[in-house]
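# Geometric and topological summary
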Amino acid sequence: MDFNMKKLASDAGIFFTRAVQFTEEKFGQAEKTELDAHFENLLTRADSTKNWTEKILRQTEVLLQPNPSARVEEFLYEKLDRKVPSRVTNGELLAQYMAEAASELGPTTPYGKTLIKVAEAEKRLGGAERDFIHTASINFLTPLRNFLEGDWKTISKERRLLQNRRLDLDACKARLKKAKAAEAKATTVPDFQETRPRNYILSASASALWSDEVDKAEQELRVAQTEFDRQAEVTRLLLEGISSTHVNHLRCLHEFIESQTTYYAQCYRHMLDLQKQLGRFPGTFVGTTEPASPPLSSTSPTTTAATMPVVPSVAGLAPPAEAALCLEEVAPPASGTRKARVLYDYEAADSSELALLADELITVYSLPGMDPDWLIGERGNKKGKVPVTYLELLS
């Protein structure tokens, strides 16, 4: 019990000394040991890394799980070391509703058949989203969270110790400075009014006491300086390890982008398959399997020579300037043209494409050898390639 009381009193004294030193520094009444510029840069870099890692982590969690209630629930499960229950994704829930709607409205009707096809695609999209969230959480979120909950806590602890060692060092410097000033004052020759033997004895005794106090303060300063240097080196090594953290986070970022690329590629592939099932990407819109243009055998040599370069130009095999030139010479087929309503605004990438405005009506048709994702669109005397995904084909 006596030992604990002594330790408690000692700790209280150290805390009080640090508090006084800190307060005097804030009011500019005490000197402060400054760290070197390189160390300060390391501290600034570490703080920036921690702050941006927190922001990136939080926003990535929002990206993967937009529902704040679900994020709070997952956070509580993680803190309680319990397994997070499996949650149905929005795509899977939409697929379930569409399948139930098709079953109730009639699975043999055109609407019901389409609902079933879309439900299957949405279910595959939901599965791809689930895989992406799982992969991103393991490969990206977990390393960031480990840094904040592991390495950064260690760095923060050592920085607090360094701050305490620095306060102790500066307090020792202030104590030594005061002791030397008092010793110098005590060793001065008394004036003519203090020439009695008693005053000489008191002055010599005070000088000896302050000399002992100076020796004690110098010893404490050497110990404090050693502890401060040792703690500064430990903290410096941890701060320099931030470079390794950046390398690790860079690798995790590449893995996150790879998983995100895989996810969006899967989504694109599933939607492309769905659009093909729904008949949104036919090769031509002629209505038959016959080619839109007359057979080559029925054309004259002059006509054949004039129209042969058209197909590769539209297919994107020729440079944009040649494609634009050939498009002006393309005549719409005798049959197979359709009206289409533009769904969204589209800005032409080059002169071979036709700019579109939402809700306008244009005439579209396809040519043999064209990319199925593109059609030829006409609006007045303007002509150019247009993307199929921006159009709603009308009868």
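Residues numbered from 1 in each chain as written. Predicted model: local features only at pLDDT ≥ 70, side-chain atom pairs only at ≥ 80, totals over all residues. Heavy atoms only, no water.

Under an unreviewed UniProt entry, the protein has the name Endophilin-B2 and belongs to Chrysochloris asiatica. Quoted verbatim from the Sequence similarities (unreviewed entry) field of UniProt, the annotation for the protein is "Belongs to the endophilin family." For the protein, the Subunit (unreviewed entry) comment in UniProt is given as "Homodimer, and heterodimer with SH3GLB1." (UniProt positions renumbered as here; feature names shortened; annotations may be inferred.)

### Points about the pattern of salt bridges
Tallied over the entire structure, the rule returns 13 salt bridges. Linking Asp 359 and Arg 341 is a salt bridge whose minimum nitrogen-to-oxygen distance equals 3.0 Å. Of this pair, Asp 359 sits in the loop between strand E1 (338–342) and strand E2 (361–365) while Arg 341 sits in strand E1, and the two are 18 residues apart along the sequence. Overall, the relative accessible area of 55% leaves Asp 359 in the exposed class. Across the pair Arg 341 and Glu 392 runs a salt bridge, and its minimum N-O distance is 2.5 Å. Of this pair, Arg 341 sits in strand E1 while Glu 392 sits in strand E5 (residues 391–393); the two residues are 51 residues apart in sequence, bridging distant segments of the chain. Judged by its relative accessible area of 29%, Glu 392 falls in the partly exposed class. A cluster of three or more residues bridged by salt bridges with shared partners is formed by Arg 341, Asp 359 and Glu 392. (Salt bridge = Lys/Arg side-chain N within 4 Å of Asp/Glu carboxyl O. Helix = DSSP H or I, 4+ residues; strand = E, 2+ residues; numbered from the N terminus. Buried < 20%, exposed > 50% of the residue type's maximum accessible area, 1.4 Å probe, protein only.)

### With respect to the nonpolar core
Grouped together as the largest cluster of nonpolar side chains are 34 residues, with contacts concentrated most on Phe 132, Phe 140 and Leu 239. Of all the secondary-structure elements, those providing two or more residues to this core are helix H2 (37–64), helix H5 (110–186), helix H6 (197–240) and helix H7 (242–277). With 16 residues, the top contributor of residues to this core is H5. When neighbours within four sequence positions are excluded, Leu 239 is seen to be in contact with Phe 39, Leu 42, Leu 43, Ala 46 and Ile 155. Counting twelve residues, the second-largest nonpolar core is a separate cluster that includes Val 342, Tyr 346, Ile 362 and Val 388. (Core = buried A, V, L, I, M, F, W, Y, C linked by side-chain atoms within 4.5 Å. Contact = heavy atoms within 4.5 Å.)

### Regarding the pairing of strand E4 (residues 382–387)
The buried count for E4 comes to five of six residues, which makes it a mostly enclosed element. Counting the residues between successive antiparallel strands, the hairpin from strand E3 (residues 374–379) to E4 contains two residues, one of them, Gly 380, with a positive phi of roughly 65°. (Pairing = 2+ DSSP bridges.)

### Description of the confidence of the model for the protein
Of the residues in the protein, 72% reach a pLDDT of 70 or more, and the chain-wide mean stands at 78. In this model, residues 281–325 is a region of pLDDT below 50 whose contacts with residues beyond four sequence positions or in other chains number 45 contacts. (pLDDT = per-residue confidence, 0-100.)

### Observations concerning the packing of aromatic side chains
Scanning the entire structure with this criterion turns up seven aromatic pairs. For the ring pair Tyr 344 and Tyr 390, a centre distance of 5.8 Å and an interplane angle of 85° mean the geometry is edge-to-face. One end of the pair, Tyr 344, is in the loop between E1 and E2; the other, Tyr 390, is in the loop between E4 and E5, with 46 residues separating them in the sequence. What links up through ring pairs into an aromatic cluster is the set Phe 132, Phe 140, Phe 256, Tyr 263 and Tyr 264. Note that Lys 55 overlies the ring of Trp 52, its terminal NZ or CZ placed 4.4 Å from the centroid. If you follow Lys 385 out to its NZ or CZ, it ends over the ring of Trp 374, 5.4 Å from the centre. (Phe/Tyr/Trp six-rings, centres within 6.5 Å; stacked < 30°, edge-to-face > 60°. Lys NZ or Arg CZ within 6 Å of the ring centre and 35° of its normal.)

### Description of the pairing of E2
When you tally the buried positions in E2, you get four out of five residues, the bulk of the element. Bridging between E1 and E2 involves four bridges; their strand directions are antiparallel. When the sheet's bridge partners are listed, Arg 338 is paired in E2 with Val 364. Taken together, the three bridges between E2 and E3 define a ladder with antiparallel strand orientation. Paired with Val 364 across the strands is Gly 377, a residue of E3.

### Topic: the sheet that holds E5
Read across the sheet, five strands follow the order E4-E3-E2-E1-E5 without closing on themselves; strand pairing throughout is antiparallel. Sheet topology places E4 and E5 at the edges, where each strand pairs with a single neighbour. Within this sheet the neighbouring strands show an average axis-to-axis angle of 40°, counted without direction. (Axes fitted to C-alpha atoms, helices over the stretch in contact; angles between N-to-C directions.)

### Examining a nonpolar patch on the surface
On the surface, a cluster of nonpolar side chains totalling about 280 Å² of accessible area is made up of Val 88, Leu 93 and Tyr 97. Looking at the element boundaries, Val 88 is found in the loop between helix H3 (68–79) and helix H4 (90–105). (Patch = residues over 30% accessible without salt bridge, like charges linked within 9 Å, V, L, I, M, F, W, Y side chains within 5 Å. Areas by Shrake-Rupley, 256 points an atom, 1.4 Å probe, with all protein chains shown as cover.)

### Comments concerning H2
The terminal C-alpha atoms of H2 lie 40 Å apart, and with 28 residues this matches the ideal 40 Å at 1.5 Å per residue to within 8%. For H2, the set of buried residues is Phe 39, Leu 42, Leu 43, Ala 46, Thr 49, Thr 53, Leu 57, Thr 60 and Leu 64. The backbone nitrogen of His 38 lies 3.2 Å from a side-chain oxygen of the residue at the head of H2, namely Asp 36. (Expected span 1.5 Å × (residues − 1). Polar contact = N/O pair within 3.5 Å; in protein donor to acceptor, adjacent residues only side chain to side chain.)

### Here's the deal with the packing of H2 against H7
With their axes 12 Å apart at the nearest point, H2 and H7 run at an angle of 20° to one another. As judged from the angle between their axes, H2 and H7 are roughly parallel. Handedness of the H2/H7 crossing: left-handed. On the side of H2, the interface is formed by Arg 45, Ala 46, Thr 49, Thr 53, Thr 60 and Leu 63, while H7 contributes Ile 242, Ser 243, His 246, His 249, Phe 256 and Gln 260. Looking at the contact of H2 with H7 residue by residue, the class counts come to four nonpolar, seven polar and one charged. (Parallel < 35°, antiparallel > 145°, perpendicular 65-115°, else oblique. Left-handed = near helix turned anticlockwise from the far one by under 90°. Nonpolar A, V, L, I, M, F, W, Y, C, P; charged D, E, K, R; others polar.)

### Thoughts on H4
With 16 residues, H4 should cover 22 Å at 1.5 Å per step; its first-to-last C-alpha distance of 22 Å lies within 8% of that length. Those residues of H4 not exposed but buried are Gly 91, Glu 92, Ala 95, Met 98 and Ala 102. The arc enclosing the buried residues of H4, seen along the axis, measures out at 120°, which places them on a common side. Summarising the geometry of H4, the exposed residues directed more than 90 degrees from the buried face are Asn 90 and Glu 104. Backbone geometry just after H4 places Gly 106 at a positive phi near 120°. (Arc of directions from axis to C-beta.)

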